[in-house]
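Fold and contact review
Here's the letter readout for the chains.
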Amino acid sequence: TGEKVMIKDVSIPAMDKLESTIIWRPESTGDIKLTLSVPTAPGEINVDNNQLDAPIAIRQEQLKVLIIESFPRWEYRYLLNALERDKAVEVKSLLFHPELAKVGGGRKYYLDAFPDDASLAKFDVVFLGDVGVGPRQLTAGECKRLKLLVRDQATGLVFLPGFHGNHYQLLETELADLYPVVLDQARKQGIGSQVPGRMELTKAGRKSLLTKLEDDEDSNSRRWRNLPGFQWHAAALRAKAGTSTLARHRSISGRFGRTPLIVTKTYGTGKILYMGTDGAWRWREGFEDTYHYRFWGQVALWMAYQR
């Protein structure tokens, strides 16, 4: 019949609920019907709800991603390289390098100016690197346009701070409402360490598809514990109300608890992600591109699907 069957064993706690996932990768585009069925348990009274059908449409789309950055740090370079290699992504970059005479030029994905409203509306996801407000950076008006883009057009926005502390300038613009964490005003350059820091997934992070580097929950948690560490992170005091913290620092705490490192929230129709370290590129050590590419690829898909 051409049908493909996938089986997963789960144990439902008594008088409780269970959330689980099955990873399925379609082999072709088109209209497909998925059927989820649960076998009848001994003594089960109602079996009418043991099966659920869901018709879905698989189609090929290309996500449009904009990366705005000041200095071409390692995370920026590897992120740009990862998205450029992804055939499902069209990436553009606006690099405000202080040592360059002007922005733009070079390879085809470099922009020479902040996009106008029509061009900006085409982007599904925008990454804001270590960039702030001022000469050769963003303007307050451009920050407002980014806010409206997220709120009204479901574009995803990623905050990716760096040790220059430029994100503190964003907190004085309309993007302050979108920022998912409270930053320590006394430590604008963040926190560096010779001893690599490690992330630890929260309960929400262990269940999130965004942080799914392996297929099952136990393997995924082990993978995150064993990823190469980072040597810098932003000085975030706490996550704001209405957000979801997916990962925290394994060992560093402040007066509000352990430092949040991966935090998400929704704003209007769009999604927001805060990544509190620029050391994800180090995940390539011993694993090549596998987990660095997988994480950022999932971020782009997760933040753009509502569009």
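Scope of this entry: the structure provided in the associated data block. (Residues numbered from 1 in each chain as written. Predicted model: local features only at pLDDT ≥ 70, side-chain atom pairs only at ≥ 80, totals over all residues. Heavy atoms only, no water.)

Counting its regular elements, the protein contains seven helices and 14 strands. The C-alpha radius of gyration of the protein comes to 21 Å, within 12% of the 19 Å expected for a compact globule of 307 residues. Taken along the three principal axes of its C-alpha coordinates, the protein extends 70 × 45 × 40 Å. A buried classification covers 43% of the 307 residues belonging to the protein. Considering only contacts in the protein between residues 6 or more positions apart, those separated by 24 or more positions represent 68%. Put simply, the protein shows about 17200 Å² of open surface, and 49% of that area lies on carbon and sulfur atoms. (Helix = DSSP H or I, 4+ residues; strand = E, 2+ residues; numbered from the N terminus. Rg over C-alpha atoms; globule rule 2.2 N^0.38 Å. Buried < 20%, exposed > 50% of the residue type's maximum accessible area, 1.4 Å probe, protein only. Contact = heavy atoms within 4.5 Å. Areas by Shrake-Rupley, 256 points an atom, 1.4 Å probe, with all protein chains shown as cover.)

Turning our attention to the sheet that holds strand β13 (residues 257-267). Backbone hydrogen bonds are what pair the strands of a sheet, in a parallel or an antiparallel way. Strand order in the open sheet formed by eight strands is β4-β3-β5-β6-β14-β13-β12-β9, with mixed pairing between adjacent strands. In this open sheet, the two edge strands, each paired with only one partner strand, are β4 (89-95) and β9 (199-201). Across the sheet, the mean angle separating the axes of adjacent strands is 20 degrees when strand polarity is ignored. Of the pairings in the sheet, the one linking strand β5 (residues 125-128) to strand β6 (residues 156-159) comprises four bridges and is parallel in character. (Pairing = 2+ DSSP bridges. Axes fitted to C-alpha atoms, helices over the stretch in contact; angles between N-to-C directions.)

The next point concerns the environment of Thr35. Along the chain, Thr35 falls in strand β1 (residues 30-37). Along the primary structure Thr35 and Ala113 are separated by 78 residues, whereas in three dimensions their C-alpha atoms are 48 Å apart. At 2.8 Å, the side chain of Thr35 and the side chain of Asp53 are in polar contact. (Polar contact = N/O pair within 3.5 Å; in protein donor to acceptor, adjacent residues only side chain to side chain.)

Glancing now at helix α3 (residues 140-153). Under the 1.5 Å per step criterion, the end-to-end length of α3 is 19 Å for 14 residues, consistent within 8% with the ideal 20 Å. Taken residue by residue, α3 has Glu142, Cys143, Leu146, Lys147, Leu149 and Val150 as its buried positions. Down the axis of α3, the buried set is contained in an arc of 155 degrees. They therefore lie on one face. Buried positions along α3 lie against α2 (117-120), β5, β6, α4 (167-170), β13 and β14 (270-275). The first or second residue beyond α3 is Ala154, which carries a positive phi of 65 degrees. (Expected span 1.5 Å × (residues − 1). Arc of directions from axis to C-beta.)

With 37 residues, the main nonpolar core has Phe127, Met275 and Trp296 as its most contacted residues. Among the elements that make up this core, the one with the highest residue count is helix α7 (residues 290-304) (seven residues). For Met275, the residues in contact, after removing those within four places along its chain, are Phe159, Leu160, Pro161, Met199, Leu261, Ile262, Ala280, Trp283, Phe295 and Trp296. In this structure, Leu111, Leu146, Phe159 and Ile272 belong to the second largest nonpolar core, which totals 34 residues. (Core = buried A, V, L, I, M, F, W, Y, C linked by side-chain atoms within 4.5 Å.)

To continue, consider the layout of surface pockets. Roughly 310 Å³ of internal volume is contained in the second largest pocket. Lining the second largest pocket are 18 residues, and of these Lys8, Glu19, Ser20, Thr21 and Glu217 lie nearest its centre. Contributions of two or more residues to the lining of the second largest pocket are made by α5 (203-207) and α6 (217-226). Examining the composition of the lining of the second largest pocket, we find that three residues originate from one element, α6, more than from any other. By residue class, the composition of the lining of the second largest pocket is three nonpolar, five polar and 10 charged. (1 Å grid on protein atoms, 1.4 Å probe; cavity = no way out; pocket = protein on both sides within 12 Å on 5 of 7 lines; lining within 4 Å. Points joined across faces, edges and corners; volume = space filled by probe spheres on them. Nonpolar A, V, L, I, M, F, W, Y, C, P; charged D, E, K, R; others polar.)

In this section: empty space enclosed by the protein. This structure, assessed with the given rule, holds four cavities of 30 Å³ or more. In this structure, the largest cavity spans a volume of roughly 60 Å³. As for the largest cavity, its lining consists of 13 residues, of which Pro161, Gly162, Tyr168, Lys188 and Ala234 are closest to the centre. Here the second largest cavity is characterised by a volume of approximately 50 Å³. Every residue lining the second largest cavity is listed: Gly197, Arg198, Met199, Trp224, Leu227, Pro228, Gly229, Phe230 and Trp283. Partitioned by chemical class, the residues of the lining of the second largest cavity number six nonpolar, two polar and one charged.

Another point: a positive patch on the surface. Taken together, the side chains of Arg198, Arg222, Arg225 and Arg250 define a basic patch exposed on the protein surface. As for its placement among the helices and strands, Arg250 is situated in strand β12 (residues 244-254). (Patch = residues over 30% accessible without salt bridge, like charges linked within 9 Å, V, L, I, M, F, W, Y side chains within 5 Å. Salt bridge = Lys/Arg side-chain N within 4 Å of Asp/Glu carboxyl O. Lys, Arg positive; Asp, Glu negative; His and termini not counted. Charge placed at Lys NZ, Arg CZ, Asp CG, Glu CD.)

Closest axis-to-axis distance for the helix α1 (residues 74-85)/α7 pair is 10 Å, and the angle between their directions is 75 degrees. Between α1 and α7, the angle falls in the class roughly perpendicular. Residues Glu75, Tyr78, Leu79, Asn81, Ala82 and Arg85 of α1 lie in contact with α7, whose contacting residues are His292, Tyr293 and Trp296. Per-class residue counts for the contact of α1 with α7 are five nonpolar, two polar and two charged. (Parallel < 35°, antiparallel > 145°, perpendicular 65-115°, else oblique.)

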